[in-house]
Amino acid sequence: MPLVTLGTIPEGGVRWALMLVATACAGLSAYAYPTELWLITSAGFTAYAKLWVSLFYVLVLFLAKDAGDKSCTISGFALIAVFLLVSSKDWFLFFMCLELLTLSSYCVIALSPTRRSLESVLKYFSAGAVSTCFLLLGATLAYMACGSASFDVFPDEYYP
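Residues numbered from 1 in each chain as written. Predicted model: local features only at pLDDT ≥ 70, side-chain atom pairs only at ≥ 80, totals over all residues. Heavy atoms only, no water.

Of the regular secondary structure elements, the protein holds five helices and zero strands. Along the protein, helices (α) and strands (β) appear in the sequence α-α-α-α-α when read from the amino end. Taken over 160 residues, the protein has a buried fraction of 29%. Within the protein, contacts between residues separated by at least 24 positions form 61% of all contacts whose residues are at least 6 apart in sequence. In the structure as shown, the protein presents an accessible area of about 11,000 Å², 74% of it carried by carbon and sulfur atoms. (Helix = DSSP H or I, 4+ residues; strand = E, 2+ residues; numbered from the N terminus. Buried < 20%, exposed > 50% of the residue type's maximum accessible area, 1.4 Å probe, protein only. Contact = heavy atoms within 4.5 Å. Areas by Shrake-Rupley, 256 points an atom, 1.4 Å probe, with all protein chains shown as cover.)

Let us look at helix H4 (residues 91-110). Three- or four-residue spacings in an α-helix give side chains the same orientation, since the helix completes a turn every 3.6 residues. A rise of 1.5 Å per residue sets the reference length of H4, with its 20 residues, at 28 Å; its end C-alpha atoms lie 28 Å apart and thus fit the reference within 8%. Two to three positions downstream of the cap, the backbone nitrogen of Phe92 sits 3.0 Å from a side-chain oxygen, assigning the N-cap of H4 to Asp90. (Expected span 1.5 Å × (residues − 1). Polar contact = N/O pair within 3.5 Å; in protein donor to acceptor, adjacent residues only side chain to side chain.)

With that settled, the discussion passes to helix H5 (residues 115-146). With 32 residues, H5 extends 46 Å between its outermost C-alpha atoms, agreeing within 8% with the 46 Å of an ideal straight helix rising 1.5 Å per residue. Looking at H5, one finds that the buried residues are Ser117, Val121, Gly128, Thr132, Ala139 and Ala142. Against the buried residues of H5 lie H4. Positioned one or two residues after H5, Gly147 has a phi angle of 85 degrees, which is positive.

With that out of the way, let us pick up the pattern of salt bridges. Using the criterion set out here, one finds one salt bridge in the structure. Residue Lys123 is joined to Glu119 by a salt bridge in which the shortest nitrogen-to-oxygen separation is 3.0 Å. With a gap of four residues between them, Lys123 and Glu119 both fall in helix H5, about one helical turn apart. Residue class for Lys123 comes out exposed when judged on its relative accessible area of 53%. (Salt bridge = Lys/Arg side-chain N within 4 Å of Asp/Glu carboxyl O.)

Attention now moves to the nonpolar core. Residues Leu18, Met19, Ala22, Tyr57, Leu61, Cys72, Leu79 and Phe83 constitute the largest nonpolar core, which totals eight residues. Elements represented by at least two residues in this core include exactly helix H1 (13-30), helix H2 (45-63) and helix H3 (69-87). In contact with Ala22, not counting residues within four places along its chain, are Ser54, Tyr57, Val58 and Leu79. (Core = buried A, V, L, I, M, F, W, Y, C linked by side-chain atoms within 4.5 Å.)

Let's shift gears to the packing of aromatic side chains. Throughout the structure, instances matching the rule amount to five aromatic pairs. Look at Trp91 and Phe151: their rings are 5.0 Å apart centre to centre, the planes differ by 85 degrees, and that puts the pair in the edge-to-face class. With Trp91 in helix H4 and Phe151 in the segment after H5, the pair connects residues that are 60 residues apart, well separated along the chain. Here the aromatic rings of Tyr106 and Phe125 are separated by 5.6 Å at their centres, their planes lie at 75 degrees, and the arrangement is edge-to-face. Taken together, the positions of Tyr106 in helix H4 and Phe125 in helix H5 put the pair 19 residues apart, joining distant regions of the chain. An aromatic cluster is built from Trp91, Phe94 and Phe151, whose rings are joined through pairwise contacts. (Phe/Tyr/Trp six-rings, centres within 6.5 Å; stacked < 30°, edge-to-face > 60°.)

Tracing the sequence through the fold places Ser88 in the loop between H3 and H4. A polar side-chain atom of Ser88 sits 3.0 Å from the main-chain carbonyl oxygen of Leu85.

Here we come to the packing of H4 against H5. Relative orientation of the contacting elements H4 and H5 amounts to 175 degrees, with a least axis distance of 10 Å. The orientation of H4 with respect to H5, classified from their angle, is roughly antiparallel. Between H4 and H5, the contacting residues are Trp91, Phe94, Phe95, Leu98, Glu99, Thr102, Ser105, Tyr106, Ile109 and Ala110 on the first element and Ser117, Ser120, Val121, Tyr124, Phe125, Gly128, Thr132, Leu135, Leu136, Ala139 and Ala142 on the second. Class assignment of the residues belonging to the contact of H4 with H5 gives a composition of 14 nonpolar, six polar and one charged. (Axes fitted to C-alpha atoms, helices over the stretch in contact; angles between N-to-C directions. Parallel < 35°, antiparallel > 145°, perpendicular 65-115°, else oblique. Nonpolar A, V, L, I, M, F, W, Y, C, P; charged D, E, K, R; others polar.)

Structure, rendered in structure tokens:
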């Protein structure tokens, strides 16, 4: 009987696939060509930040031997959120990536079937909802002051 049949993933296969993807992302971010797209940038600090995030993600996946495939898959969504969060140059993308990151955190915490984990997810969600309101208020005030949601349009007098 073969180890892998068509349509199945062996035990721990998701972890190794995510390690491979994160290693490839680390390699690509090390040799990143500076680009400026509509909401995303890859110039300057972002390439180094993606490199370190990828390396730490591979280290965490390697050390978390008892993590199931569900938590590894959810952490893959968190990795995508962190990559886009580091690359964002607009309040809208920053907010969406931050929310994807917190949603994946809620899911990882809720994977445990205990009552304490469900209670902690509820508390974490309520605290996150309050902080999201403050973030949206600040982004709205910045948009009203500058006329754009981009990080690049802040005048020099707003920087200390």
